[in-house]
Every structure is written in C-alpha cells, then in structure tokens.
Amino acid sequence: MMFMNRVFLLLILLHCHALAFVHPGMLHTEVDFTRMRAKVAASASPWITSWNILTSNSHASASYTPRPAAIIYRGSDGVHAENYAQLYNDIAAAYALALRWKISGNTTFANTAVTILNAWSSTLTSIQGSTDLDLAAGIYGYQFANAAEIIRSFSGWTKNDQTAFGTMLHDVFFSINHDFLVRHNNAATDHYWANWDLCNMASMLAIGIFTDNVTMYEEAITYFKSGVGNGNIDKFIWTNYIVDGQVLGQGQEAGRDQGHATLGFALAGALAQMAYNQGNDLFAYQNNKILSGSEYCAKYNAGFDVPYSSYANSDVTQAVISNSSRGTVRPEWELLYAHYRDLKDLNATYTGMMRDIVNNASGGGEGGGGNYGPNSGGYDQLGYGTLTFRLT
C-alpha cells in the first residue's frame with residue numbers, strides 16, 4: 001500500500017510538472033531573446049534591418065502616450081462611434097516597447113510599456129459594438145497578453161499590477177473568447193469564418209499562459225483539434241492535394257479573398273508558436289497540416305496556380321478561388337518559415353517566397369503595427385518576425 005501511495009504521489013507530481021507554464025513562453029522564449037540580442041549586437045543582417053524598422057516606428061518611442069477607454073467599440077451598434085483603433089495602437093506600442101527593452105536593456109522603454117498596460121487594466125471594462133467585438137476580443141486579447149508576457153519579468157511592473165492586468169484579460173477578453181467558441185452568437189457552427197475561431201483560440205491560449213490557467217489553455221488546444229467551428233484544423237484546412245510531390249492544403253477562406261486567407265495563417269502560426277513554446281507541437285499535428293495550408297496560401301499569393309475545390313457552408317458556395325487582394329502583404333511568414341524550414345528542415349518553398357516578398361516590400365525585414373497602414377488590417381499581426389523568429 002505504501003508503494004502504491006508513493007507511485008500515486010509521483011504521478012500527481014509528474015502531472016503537475018507537465019502542466020507548469022514556461023515564462024516567457026508565448027511567441028518568444030528567453031532563448032529567443034538571447035538570440036535577438038546577439039544578432040542586434042553584431043549588427044547581423046537581416047535581423048538588424050528589422051530592429052531598425054522597430055526602433056524607427058513611433059509606437060516604439062519612450063514618449064508614447066496611451067489612450068485607454070472604459071469601453072471599446074468595434075463594429076457599429078447604431079449608437080456609439082468605433083474607437084478600437086485606440087486599443088490596437090496601444091497594443092502595438094506595448095509590444096514594440098517590450099521588445100525594445102528586452103533586447104536593449106534600456107528600462108525607459110519598459111517603463112512606458114508598463115504605463116500602457118496599467119492604463120488599460122485600470123480603465124477597460126468591456127468590448128462592445130456589433131458581432132465584430134468577437135474579432136476585437138480575439139486579435140487584441142492574444143496580442144495584449146504577448147506584450148504583457150515579455151514585460152512580466154521587468155522589476156518595475158509590480159505583482160499587484162500584473163494581477164490586475166491578468167484580471168482584465170480574463171474578465172474582458174477571455175469571457176468573450178469562451179462565449180464565442182461555445183455559442184458562435186447562436187449562429188450555425190459553420191457560419192463564422194475560420195479567422196473568428198482562430199483569433200479567439202489564440203487569445204484564450206495566451207491568456208491561459210499569462211494567468212497560469214491550465215484549464216483555459218487546454219480548452220484552446222482541444223478546440224484546435226476537435227472544435228465544432230471552422231477553427232478546428234480539419235475545417236480550417238479542409239482538403240489536401242499532392243502537387244509535384246508536395247502536400248498543399250486548401251484553406252477555408254481561399255474562395256473568400258486573400259486578405260482573409262492570409263490572416264488565417266498569421267493566426268494559426270501565432271497559435272502554434274505559443275503552444276510549441278509550452279511543449280505542445282501543433283505545427284506537427286496531423287503530418288504538419290498547418291504547413292500544407294501555408295504552402296497552398298503562399299503559393300497562390302506568390303503568383304502561382306493552385307488546385308481548388310468548390311467550398312460551401314450554411315451561407316455561401318464558392319466555386320472558384322478568389323483573386324481579391326491576391327499578394328496581400330502581411331508580416332506573418334517569417335514565423336512559419338523559421339519553424340518548418342530552419343528548425344525542422346521541411347519543404348516550405350512558397351512560404352519562403354512570401355516571406356521574401358513581404359520583406360522586400362517592407363524595407364528588408366518585417367515591420368510591425370504602424371508599418372502597414374493606419375487601418376486595423378495593418379495591426380492584425382504583431383510583426384517584426386525577421387528580428388524575432390528568423391533563425392538562420
């Protein structure tokens with residue numbers, strides 16, 4: 001009996017250890033920051049190019065002033081003006097400043113980032129508007145959590161303030177994330193495009209990491225594998241082809257437009273990167289299914305033909321692939337290429353092509369929020385991937 005008790009206790013301890021979160025452990029780990037610092041110190045190209053883009057961005061200025069609001073509106077409710085640009089600009093600033101501090105060691109930038117985080121945690125109470133509020137809760141939830149995850153090791157951000165920020169993430173963002181993935185606003189489960197699920201899954205996962213909430217984290221992982229909506233990997237990348245010996249996966253939004261099709265892989269990449277840094281390899285799931293989708297999407301957007309099967313759900317039938325917004329420039333491909341090609345030595349030819357196309361259009365390396373126009377689409381990704389994800 002004593003032996004069995006010891007075995008049971010050991011199993012409990014091993015289970016608890018397996019669920020312990022790594023910090024920092026969302027998009028970036030301490031190993032990543034060590035690499036970034038070394039590359040910047042050596043003025044190594046192309047990392048230094050992305051660093052210079054970062055430091056030249058006004059969002060990375062130590063004099064940046066936040067504009068918090070008690071209620072954020074995205075989408076028209078017929079009464080209030082939209083003000084969500086205040087939120088996505090401040091998040092872009094918090095993230096850029098956090099990176100700048102973590103790499104340079106200059107605490108002036110960390111102090112400004114803390115000012116932004118504390119301003120919002122002491123002010124924001126809800127996100128409202130049209131159903132687009134679900135997009136705001138998803139995209140900005142995961143981004144805000146990532147900025148905070150970098151700053152959490154800064155001695156100038158008190159534990160009480162970190163707790164207050166985590167409470168805001170839970171009460172304002174996670175509450176919407178969870179409700180959306182469960183109910184989908186009482187619509188048909190296939191009504192919402194994959195991006196809607198993916199951003200809410202990313203937010204849930206990120207907030208789970210920041211608040212050390214295992215249940216929240218595992219809910220996002222489970223949804224990726226078996227969720228009822230289009231964020232489920234088998235619904236997001238719903239059919240595969242073999243072309244010249246390579247697996248290409250058609251994304252759920254390929255027939256919609258390429259702006260949204262590319263966004264799906266920006267979100268899937270971020271989700272997988274955060275999970276990977278916590279020991280869950282979603283990149284490898286189902287024989288690298290995200291890679292097959294990334295290659296399909298990148299190949300088409302790089303100017304090549306791809307096979308296409310008619311897509312239908314409760315609302316639409318899309319008989320042909322959409323060329324609307326083909327060639328969309330999003331700072332997303334560095335992450336995907338670094339993982340699949342540089343880390344795992346897999347074929348990511350077209351993902352690499354799109355990486356280079358975006359970098360060439362961005363001044364030699366990925367930029368961040370503020371480098372891709374003033375509208376929300378330019379802030380859908382945190383960016384600076386040449387600096388943060390490039391391995392070789």
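Quick caveat: nothing in here was measured; it's all calculated off a predicted structure. (Residues numbered from 1 in each chain as written. Predicted model: local features only at pLDDT ≥ 70, side-chain atom pairs only at ≥ 80, totals over all residues. Heavy atoms only, no water.)

Student: Please give an account of the nonpolar core that cites residues and values.
Tutor: Within the largest apolar cluster, 118 residues are counted, with the highest numbers of intra-cluster contacts made by Phe-144, Ile-151 and Phe-173. In contact with Ile-151, not counting residues within four places along its chain, are Ala-98, Trp-101, Ala-110, Ala-113, Val-114, Leu-117 and Trp-157. Of all hydrophobic cores here, the second largest spans 7 residues; its members include Tyr-241, Leu-248, Ala-254 and Tyr-300. (Core = buried A, V, L, I, M, F, W, Y, C linked by side-chain atoms within 4.5 Å. Buried < 20%, exposed > 50% of the residue type's maximum accessible area, 1.4 Å probe, protein only. Contact = heavy atoms within 4.5 Å.)

Student: Explain empty space enclosed by the protein residue by residue, including any values.
Tutor: Inspection of every chain in the model, using the stated rule, returns 3 cavities of 30 Å³ or more. By volume, the largest cavity is sized at about 160 Å³. Every residue lining the largest cavity is counted, 16 residues in all, and those nearest its centre are Ala-266, Pro-331, Leu-335, Gln-381 and Phe-389. For the lining of the largest cavity, the secondary-structure elements that each account for two or more residues are α11 (258–276) and α13 (333–343). No other element matches the 3 residues that α11 contributes to the lining of the largest cavity. Residue composition of the lining of the largest cavity, by class: 10 nonpolar, 4 polar and 2 charged. (1 Å grid on protein atoms, 1.4 Å probe; cavity = no way out; pocket = protein on both sides within 12 Å on 5 of 7 lines; lining within 4 Å. Points joined across faces, edges and corners; volume = space filled by probe spheres on them. Helix = DSSP H or I, 4+ residues; strand = E, 2+ residues; numbered from the N terminus. Nonpolar A, V, L, I, M, F, W, Y, C, P; charged D, E, K, R; others polar.)

Student: Give a description of the packing of helix α2 (residues 30–41) against helix α4 (residues 84–104) that names residues and reports values.
Tutor: Two elements in contact, α2 and α4, have axes whose closest approach is 9 Å; the angle formed by their N-to-C orientations is 75°. Put simply, α2 runs roughly perpendicular to α4. Here Glu-30, Phe-33, Met-36, Arg-37 and Val-40 of α2 come into contact with α4, specifically with Leu-99, Lys-102 and Ile-103. Considering only residue class, the contact of α2 with α4 consists of 5 nonpolar, no polar and 3 charged. (Axes fitted to C-alpha atoms, helices over the stretch in contact; angles between N-to-C directions. Parallel < 35°, antiparallel > 145°, perpendicular 65-115°, else oblique.)

Student: So, the confidence of the model for the protein: which residues are in play, and what are the values?
Tutor: Of all residues in the protein, 95% have pLDDT values of 70 or greater, and the mean over the chain is 95. Every residue in residues 1–17 scores below 50 in pLDDT, and together they form 0 contacts with partners more than four places removed in sequence or on other chains. (pLDDT = per-residue confidence, 0-100.)

Student: Which residues make up the packing of aromatic side chains, and what values do they have?
Tutor: A full pass over the atoms with the stated rule returns 22 aromatic pairs. Both rings, one in Tyr-88 and one in Tyr-379, keep their centres 4.6 Å apart while their planes meet at 35°; by these two values the pair is tilted. With Tyr-88 in helix α4 and Tyr-379 in the loop between α14 (349–361) and α15 (385–388), the pair connects residues that are 291 residues apart, well separated along the chain. Seen in terms of ring centroids, Tyr-192 and Trp-196 are 4.7 Å apart; in terms of plane orientation they differ by 50°. Their pairing is tilted. Through pairs of rings, three or more aromatic residues link up here, namely Trp-120, Phe-144, Trp-157, Phe-165, Phe-173 and Phe-210. Here Lys-102 stacks its cationic end above the ring of Phe-33, 5.5 Å away from the centre of that ring. Sitting over the face of the ring of Tyr-300, Arg-326 holds its NZ or CZ atom 3.6 Å from the ring centroid. (Phe/Tyr/Trp six-rings, centres within 6.5 Å; stacked < 30°, edge-to-face > 60°. Lys NZ or Arg CZ within 6 Å of the ring centre and 35° of its normal.)

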